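Observations on the three-dimensional arrangement
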Amino acid sequence: QVQLVESGGGLVQPGGSLRLSCAVSGTIFSINVMGWYRQAPGKQREMVAQITSGGSTNYADSAKGRFTISRDNAKNTWYLQMNSLKPEDTAVYYCNVELRNQFTVLPTSYWGQGTQVTVSS
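Figured I'd write up the structure that's included with this text. (Residues numbered from 1 in each chain as written. Predicted model: local features only at pLDDT ≥ 70, side-chain atom pairs only at ≥ 80, totals over all residues. Heavy atoms only, no water.)

Describing the pattern of salt bridges
Two side chains carrying opposite charge are able to pair once their charged atoms lie near each other. This is how it is decided: By definition here, a salt bridge exists when the distance from a side-chain nitrogen of Lys or Arg to a carboxyl oxygen of Asp or Glu is within 4 Å.
Evaluation of the coordinates by the stated rule reveals 4 salt bridges. Here R38 and E46 are joined by a salt bridge, their closest N and O atoms 2.8 Å apart. If you follow the salt bridges from partner to partner, you end up with R38, E46, R66 and D89 in one network.

This is the structure we're talking about:
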């Protein structure tokens, strides 16, 4: 069973910082991409940041310069460091991983349970 557990959300004032983490466990042959997505009320889910197995990163325009995605391959864990937070960053944040294991030859996506981030004064 592949399981993702994420944490680190909470309430923060504008200009503050939060660090989200996500760990995947289970039988894993290889990981292609680790990422973070968010969904605000009344909005569609959007990609925030991704990091590939080769270390390449990709950010949404709204996150560039403020957010940083990183990983710890030994722990199968990845992080989203969020600085200079704005009220419009308020959303449920979901971690995502694309991987292969014994049950699938082609890469398959798995999602975390979501963690609430609220930016408010």
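Things to note about the pairing of strand β7 (residues 67-72)
Note the cut-off: Here the rule is simple: two strands pair whenever DSSP picks up at least two bridges between them. The secondary structure listing takes helices from DSSP runs of H or I that are at least 4 residues long and strands from runs of E that are at least 2 residues long, numbered from the N terminus.
Note: β7 against strand β8 (residues 77-82), 6 bridges, orientation antiparallel. Within the sheet, the bridge partner assigned to D72 lies in β8 and is T77. The antiparallel hairpin formed by β7 and β8 contains 4 residues in its connecting segment, where N76 sits at a positive phi of about 50 degrees.

Quick notes on unusual backbone geometry
This is how the line gets drawn: Burial classification: accessible surface area is computed with a 1.4 Å probe over protein chains only, and a residue below 20% of its type maximum counts as buried, one above 50% as exposed, and the rest as partly exposed.
A positive phi angle, near 50 degrees, is found at N76, a position not held by glycine. Position of N76 relative to the elements: it lies in the loop between β7 and β8. Given the relative accessible area of 25%, N76 is considered partly exposed. In this structure, S84 takes a positive phi of about 50 degrees despite not being glycine. Assignment of secondary structure puts S84 in the loop between β8 and β9 (91-101). Judged by relative accessible area, S84 falls into the partly exposed class, the value being 40%.

Note that all results are geometric; they support no functional claim without further evidence.
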